[in-house]
Amino acid sequence: MYSIVCVFNNEDLLNKCLIKSIKYQKFTDYELILIDSKRHNFQSASSALNYAFELCTGDYVIFAHQDLIIEDKNFLQKLDLSLKKEDFGIAGVAGLKIGDNGKVELFSNILHGLEKQKISPYVKRINKLTKVSTVDECFFVVKNNDIRFRNIGETWHLYATDYALQMEAIKESVVVLPLQLWHYSKGNSFNMNYFDAIYSLCKKTKDKKFITTFWGKWPTNIVLLKIKILYRKLRYRIARR
């Protein structure tokens with residue numbers, strides 16, 4: 001059985017998108033765990049998702065955003081068949097890795113916004129299960145075991161990256177699946193708090209020279225990391241003027 005977790009802050013959007021989609025799924029072996037973040041006043045994603053984790057009774061836990069629309073009625077069935085073919089630590093529908101040329105490669109079949117557009121022209125379509133370094137937070141699946149999200153500060157960013165790093169450390173696969181979703185929002189929730197999450201994650205990562213996120217490669221050497229964060233903050237502020 002699957003436990004589908006959604007931490008939401010907009011009940012109307014939740015019902016319009018995710019809940020409505022799930023009701024039409026042919027696959028029904030799941031439970032729905034809905035957590036109102038406003039009522040609980042969670043200060044971070046890790047605290048909210050770990051709270052939800054404790055309520056799950058399924059063998060696998062799906063973490064999904066409130067504004068996801070699943071147009072394929074066989075989506076959950078296809079997800080189940082895909083996961084049974086491959087042992088994994090965390091599986092998503094969008095992710096990235098460092099290619100043979102040393103550059104970041106992006107993979108996603110997700111469409112964003114009312115216009116249903118790709119988030120970037122550089123994104124590669126997923127045609128088969130693909131091993132990556134990290135996955136996007138909008139939708140991912142993990143096994144229901146004792147591993148939880150670590151505290152990386154009062155942030156709602158990079159919790160899937162944190163989990164992926166934990167999986168890599170114990171030699172569990174990080175994968176993306178050839179499944180399509182519609183992210184009703186434009187997928188742009190970036191704020192300056194992202195850099196705090198980066199700093200915290202890099203400090204926790206002792207066995208790698210860098211970590212990779214959807215905003216590129218980040219050195220775990222603290223001096224180099226501070227320089228890069230300062231540079232990226234400056235570029236971000238200039239771009240917003």
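Structure shown above.
Small disclaimer: the values here were computed from a predicted structure and weren't measured.

A. The arrangement of the overall build of the protein chain in detail. When helices and strands are counted, the protein chain shows seven helices and 15 strands. Whereas a compact globule of 241 residues would reach a radius of gyration of roughly 18 Å, the protein chain reaches 17 Å, a difference of no more than 12%. Taken along the three principal axes of its C-alpha coordinates, the protein chain extends 50 × 40 × 40 Å. Within the protein chain, buried positions represent 50% of all 241 residues. Counting contacts in the protein chain only where the partners sit at least 6 residues apart, residues at least 24 apart contribute 74% of the total. Of the roughly 12,800 Å² of accessible surface on the protein chain, a fraction of 49% belongs to carbon and sulfur atoms. Placing the 37 positive and 25 negative side-chain charges of the protein chain at their respective mean positions leaves the two points 9 Å apart.

B. Representation of the nonpolar core. Ile62, Phe75, Leu79, Leu83, Phe139 and Val141 are the most contacted members of the largest nonpolar core, which has 29 residues in total. The set of elements that each furnish at least two residues to this core consists of strand S1 (2-8), helix H1 (11-23), strand S3 (60-64), helix H4 (75-85) and strand S11 (139-143). Excluding residues that lie within four positions of it along the chain, phenylalanine 75 makes contacts with Gln25, Ile70, Val93, Phe139, Leu179, Gln180 and Leu181.

C. Looking closely at the environment of glutamine 25. When you line up the elements, glutamine 25 lands in the loop between H1 and strand S2 (30-36). Residues glutamine 25 and threonine 155 lie 130 residues apart in sequence; the distance between their C-alpha atoms is 32 Å. Among all residues touching glutamine 25, those that are not within four sequence positions of it are Ile70, Asp72, Lys73, Asn74, Phe75 and Leu76. Of the polar contacts made by the side chain of glutamine 25, one reaches the backbone nitrogen of phenylalanine 75; its length is 3.2 Å.

D. H4, seen in detail. Along H4, the positions that sit buried rather than exposed are Phe75, Leu76, Leu79, Asp80, Ser82 and Leu83. Each buried residue of H4 sits inside an arc of 165 degrees when the element is viewed along its axis, so together they form one side. Along H4, the residues that are exposed and aim more than 90 degrees away from the buried face are Lys84 and Lys85. For H4, the elements touching its buried residues are S1, S2, S3, strand S5 (90-92) and S11.

E. Representation of a positive patch on the surface within the structure. Residues Lys203, Lys204, Lys206 and Lys226 make up a contiguous surface patch of positive charge. With respect to the helices and strands, lysine 206 occurs in the loop between helix H6 (193-204) and strand S14 (210-213). Judged by its relative accessible area of 73%, lysine 206 is exposed.

What counts, and at which threshold
Residues numbered from 1 in each chain as written. Predicted model: local features only at pLDDT ≥ 70, side-chain atom pairs only at ≥ 80, totals over all residues. Heavy atoms only, no water. Helix = DSSP H or I, 4+ residues; strand = E, 2+ residues; numbered from the N terminus. Rg over C-alpha atoms; globule rule 2.2 N^0.38 Å. Buried < 20%, exposed > 50% of the residue type's maximum accessible area, 1.4 Å probe, protein only. Contact = heavy atoms within 4.5 Å. Areas by Shrake-Rupley, 256 points an atom, 1.4 Å probe, with all protein chains shown as cover. Lys, Arg positive; Asp, Glu negative; His and termini not counted. Charge placed at Lys NZ, Arg CZ, Asp CG, Glu CD. Core = buried A, V, L, I, M, F, W, Y, C linked by side-chain atoms within 4.5 Å. Polar contact = N/O pair within 3.5 Å; in protein donor to acceptor, adjacent residues only side chain to side chain. Arc of directions from axis to C-beta. Patch = residues over 30% accessible without salt bridge, like charges linked within 9 Å, V, L, I, M, F, W, Y side chains within 5 Å. Salt bridge = Lys/Arg side-chain N within 4 Å of Asp/Glu carboxyl O.

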